[in-house]
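# Topology and contacts: notes
Given next are the chains, with one letter for each unit.
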Amino acid sequence: MEEANAEKISLQQEQIDTLKQVDALKDQFLGILSHELRTPINAITGFGSILDDELAGALTGRQHEYIKKMLEGAENLMALVDDLLDLARMQAGRFSVIPQRVFFTEVASKAIENLKPLADRKHLALFGEIPVDLPPVMADPQRLGQVLSNLLNNAVSFTPEGGQIRVRAFIEGEWLRCEVKDTGVGIAPEDVPKLFKRFSQLDMTATRKARGTGLGLSISKAIVEAHGGQIGVESELGKGSTFWFTLPLPPRL
């Protein structure tokens, strides 16, 4: 009996060791793949921009349209590569934020401005309700912008044409709270717990299909929690969603 138990324990340990090795190889593969993909994507973007600017000769309207679609595809692919790089850093324990004194109004305004052309293409009304007198927070501006961009990208992707997206920010006790509210198709209650898990992209209806790895929200969660905040969602199927996150305010002197 003791021999059988010892053999069983030994087999279990071998399985654990094998899984750890596979996990380490997966992380290494993600890191290498992400770095290697950046070079050809940058080449596509660079030469595509040269063609679009007609530096290599005049183009027809249809050719400009095709090049713009190619550049959009390259931008989407680069966003996926960035997500994979962040995942590799998270897995390796090298994911970090560099907090500094940040005015949230500036970060939010920039994120909204960057996503405005994408919203316009879908005829979506994008509103920002960010008070200019919000107190500063200690945060990594680049990572904070990444969270807002992820939430806004999701809202644009998941809201049918003619809808609305509203970004709000306000003080709630000792927290700064930001909300991104859309008039999209919403999320079923049973799907909400899956949203912030890695590679967990929901099986949406035809009106809410989006490209991506399903990493954006899990990375946003890691960023917000690294700042000491929380992230969540309130949604009703058929009526839209409100994604929110909070950031702690600095202690009052």
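For every chain, the first residue of the written sequence is number 1, and numbering continues from 1 along that sequence. Whole-chain, interface and lining totals are the exception, using all residues; otherwise, since this is a predicted model, local features are given only for residues with pLDDT of at least 70 and side-chain atom pairs are given and counted only at 80 or more. The side-chain values count all of the structure's non-hydrogen atoms but skip hydrogen atoms and water molecules.

### Here we look at the packing of helix α4 (residues 141-158) against helix α5 (residues 216-226)
Axes here mean lines fitted to C-alpha atoms, for a helix over just the part in contact, with angles spanning 0 to 180 degrees between N-to-C directions. Segments assigned H or I by DSSP are reported as helices when at least four residues long, segments assigned E as strands when at least two residues long, and all are numbered from the N terminus. Put simply, α4 and α5 touch, their axes get as near as 9 Å, and they point 145° apart. In the crossing of α4 with α5, the sense of the turn from one axis to the other is left-handed. Along the contact surface, α4 presents R143, Q146, V147, N150, L151 and N154, while α5 presents G216, L217, I219, S220, I223 and V224. By the definition used in this description, the sense in which the near helix is turned from the far one sets the handedness, with an anticlockwise turn below a right angle giving left-handed and a clockwise turn giving right-handed. For this analysis, residues touch if any pair of their heavy atoms sits within 4.5 Å.

### Digging into the nonpolar core
Soluble globular proteins: nonpolar side chains tend toward being buried together. To define a nonpolar core, start from buried Ala, Val, Leu, Ile, Met, Phe, Trp, Tyr and Cys residues and group those joined through side-chain atoms within 4.5 Å. Buried residues are those whose accessible area, probed at 1.4 Å on protein chains only, stays under 20% of the maximum for their type, while exposed residues exceed 50% and partly exposed ones sit between those limits. Ranked by size, the top nonpolar core spans 46 residues in total, and within it F104, L148, L152 and F245 carry the most contacts. Discounting chain neighbours no more than four positions away, the residues touching L152 are A111, I112, L115, L126, I165, V167 and V180. By size, the runner-up hydrophobic cluster in this structure holds five residues, among which are I41, A74, V81 and L85.

### A word on the pattern of salt bridges
In the sections that follow, a salt bridge refers to a side-chain nitrogen of Lys or Arg positioned within 4 Å of a carboxyl oxygen of Asp or Glu. Throughout the structure, instances matching the rule amount to twelve salt bridges. We note a salt bridge from E225 to K221, for which the minimum N-O separation is 2.8 Å. Separated by four residues within a single helix, E225 and K221 lie in helix α5, roughly one turn from each other. Linking K239 and E236 is a salt bridge whose minimum nitrogen-to-oxygen distance equals 3.6 Å. Each of the salt bridges in this network shares a partner with another, and the network as a whole consists of E129, R166, R168, E172, R177, E179 and E234.

### Description of the sheet that holds strand β7 (residues 240-248)
If you trace the five strands from one edge of the open sheet to the other, you get β2-β4-β5-β7-β6, paired in mixed fashion. Among the strands making up the open sheet, the edge pair consists of β2 (125-129) and β6 (231-236). Between one strand axis and the next, the sheet turns by 15° as a mean value, whatever way the strands run. Direction of pairing for β6 relative to β7: antiparallel, over a ladder of six bridges. Bridge assignment links V233 to a residue of β7, and that residue is F243. Being paired, for any two strands, means DSSP has found at least two bridges between them.

### Some points on the environment of D120
Assignment of secondary structure puts D120 in helix α3 (residues 104-121). In this structure D120 comes out as partly exposed when scored by relative accessible area, which is 38%. Taking the C-alpha atoms as reference points, D120 and G162, separated by 42 residues in sequence, lie 9.6 Å from one another.

### Observations regarding a nonpolar patch on the surface
Each patch groups residues whose relative accessible area exceeds 30% and which form no salt bridge, using 9 Å between like charges and 5 Å between nonpolar side chains of Val, Leu, Ile, Met, Phe, Trp and Tyr. Only the protein chains shown count as covering a residue, and every accessible area follows the Shrake-Rupley method with a 1.4 Å probe. Together, F47, I50 and L55 line one region of the surface with nonpolar side chains, adding up to about 340 Å² of accessible area. Summarising the element assignment, F47 is placed in helix α1 (residues 2-52). We classify F47 as exposed; its relative accessible area is 58%.

### Looking at the packing of aromatic side chains
Here a ring pair, both rings aromatic, is described through the centre-centre distance and the interplanar angle of the planes. Under the pairing criterion, centres of Phe, Tyr and Trp rings, with the six-membered ring standing for Trp, must be within 6.5 Å; the plane angle then separates stacked pairs below 30 degrees from edge-to-face pairs above 60, leaving the rest tilted. A complete count under the given rule lists two aromatic pairs for this structure. Taking the centre distance of 6.4 Å and the plane angle of 70° together, the rings of F196 and F243 count as edge-to-face. Of this pair, F196 sits in the loop between β5 (175-182) and α5 while F243 sits in strand β7, placing them 47 residues apart in sequence. For F196, a relative accessible area of 16% puts it in the buried group. Residue F243 is classed as buried on the basis of its relative accessible area, which comes to 5%.

### Some words on α3
Taking 1.5 Å as the rise per residue, α3 with 18 residues should run 26 Å; its terminal C-alpha atoms sit 26 Å apart, in good agreement. For α3, the complete set of buried residues consists of F104, T105, V107, A108, A111, I112, L115 and A119. Considering only its buried residues, α3 is in contact with β1 (100-102), β2, α4, β4 (164-172), β5 and β7. Just downstream of α3 lies H123, where phi reads positive at about 55°. Every helix has an expected span of 1.5 Å times one less than the residues it contains.

### Things to note about the pairing of β7
The buried fraction of β7 amounts to eight of the nine residues, a majority that puts the element mostly inside the structure. Linking β6 back to β7 in an antiparallel pair, the connection comprises three residues, with G238 at a positive phi of about 85°.

### Re the environment of L151
Tracing the sequence through the fold places L151 in helix α4. With relative accessibility at 1%, the residue L151 sits in the buried group. C-alpha separation for the pair L151 and W244, spaced 93 residues apart in sequence, amounts to 8.8 Å. L151 has contacts with V180, L217, F243 and F245, leaving out every residue within four places of it along the chain.

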